[in-house]
Amino acid sequence: MDQLWSPWRFAYVTTADGAPRPGVPARLNAWPGDLNCVFCNLIASIDYAIEHGMNADEAEEAGGLVKRGEHCFICLNAYPYTSGHVMVMPYAHLDRIAKMDADTAHELIDLAQLTERALEQLYRPHGFNFGLNLGQAAGAGVAGHLHMHAMPRWVGDTNFMTTVAETRVLPEDLGTTWKRLRETFAELETQRS
């Protein structure tokens, strides 16, 4: 029998399904709270670290926070389907599109458009998946906090590993993805100014 080692998934396996403080990265573990939501915990632990002296870039890298907006933010998917897989979501803990105020809804789409441009520039994909799964029945892994998945896709990127072995092979680690995306978003912002 072949073995495929993925020790980076240990953190997910040991914190899944109601384990204490989902979404709090080990480097941000000083945050004392628990908001019972992976995304609310993520942003709160990042903000707490910054408020208590951690460099903002270091805290945001630890949490995979790529870009902040006024009402929404973009972060890496900790368990991506493809390199460049990010999520765009509101800071507010909302479970439905209809619950977003107009400013939040507009910014969500504005950030999705910016994400498409960033992924296009950085990865040169053949296509994209952008999507929201609202509710557990619709496939939402985090049903209580809406989030839009965004990922680049390439012809042939689903190969035998995914279809037969239910395993994804990613050529880029999350730290590298974060750094490259952060630089690309900054470059796009500079071009818009």
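Residues numbered from 1 in each chain as written. Predicted model: local features only at pLDDT ≥ 70, side-chain atom pairs only at ≥ 80, totals over all residues. Heavy atoms only, no water.

### Some thoughts on the overall build of the chain
Put simply, the rule reads: We count a stretch as a helix when DSSP gives it H or I for four or more residues in a row; a strand needs E for two or more, and each element gets its number in order from the N terminus. Classification of residues uses two cut-offs on accessible area relative to the type maximum, computed with a 1.4 Å probe and protein chains only: under 20% is buried, over 50% is exposed, and between them is partly exposed. Two residues qualify as a contact provided that any one of their heavy atoms is within 4.5 Å of a heavy atom in the partner residue. Computed with the Shrake-Rupley method and a 1.4 Å probe, the accessible areas treat only the protein chains shown as cover for residues.
The number of helices and strands found in the chain is six helices and five strands. Counted from the first residue to the last, the chain has its helices and strands arranged as α-α-α-β-β-β-α-β-β-α-α. Split into buried and exposed, the 193 residues of the chain put 39% on the buried side. In the chain, once contacts between residues fewer than 6 apart in sequence are set aside, the share between residues at least 24 apart is 60%. Total accessible area on the chain stands at roughly 11,100 Å², and carbon and sulfur atoms take up 53% of it.

### Thoughts on the sheet that holds strand β1 (residues 65–68)
To be explicit about the condition: Strand pairing is defined by DSSP finding a minimum of two bridges between the two strands. Simply put, an axis is a line fit to the C-alpha atoms, just over the touching stretch for a helix, and the angle between two N-to-C directions goes from 0 to 180 degrees.
Taken together, the five strands give an open sheet; going across it, the order is β1-β2-β3-β5-β4, and neighbouring strands pair in antiparallel fashion. Strands with a single pairing partner mark the edges of an open sheet, and in this sheet they are β1 and β4 (127–132). Averaged over all adjacent pairs, the angle separating strand axes in this sheet is 20 degrees, with direction ignored. For β4 and strand β5 (residues 148–153), the ladder comprises six bridges, and the chain directions are antiparallel. In the strand pairing of β5, G127 is matched with R153. Sitting on the sheet, helix α2 (residues 38–51) touches β1, β2 (72–76) and β3 (86–90), and the angle it makes with β1 is about 80 degrees.

### Observations regarding the packing of helix α4 (residues 102–123) against helix α6 (residues 174–192)
In a packed pair of helices, the relevant descriptors are the angle between the two axes and the axis-to-axis distance. As a reminder, the rule being used: For classification, angles of less than 35 degrees are called roughly parallel, those exceeding 145 degrees roughly antiparallel, those between 65 and 115 degrees roughly perpendicular, and all remaining angles oblique. Handedness of each helix crossing follows the sense of rotation of the near helix against the far helix: counterclockwise by less than a right angle gives left-handed, clockwise gives right-handed.
For the pair α4 and α6, interaxial distance at closest approach is 9 Å and the crossing angle is 115 degrees. The orientation of α4 with respect to α6, classified from their angle, is roughly perpendicular. As for how α4 packs across α6, the hand of that crossing is right-handed. Only T177, R180, L181, T184, F185, E187, L188, E189, Q191 and R192 of α6 make contact with α4, whose side of the interface consists of L114, T115, R117, A118, L119, Q121, L122 and Y123.

### Overview of the pattern of salt bridges
What counts here: Every case where a carboxyl oxygen of Asp or Glu lies within 4 Å of a side-chain nitrogen of Lys or Arg is listed as a salt bridge.
Scanning all chains against the criterion turns up seven salt bridges. For R68, the salt bridge is made with D47, and the minimal N-O distance between the two is 2.7 Å. One end of the pair, R68, is in strand β1; the other, D47, is in helix α2, and 21 residues separate them in sequence. By relative accessible area, R68 is classed as partly exposed at 30%. What you see here is one network of salt bridges that share partners, running through D47, D57, E60, R68 and R182.

### Quick word on unusual backbone geometry
In the Ramachandran plot, N36 falls in the positive-phi region, its phi being about 60 degrees despite a non-glycine side chain. Residue placement: N36 occurs in the loop between α1 (10–15) and α2. A positive phi angle is found at R124, which is not glycine, with a value near 50 degrees. By the secondary structure assignment, R124 is in the loop between α4 and β4. Classification of R124 as exposed rests on a relative accessible area of 55%.

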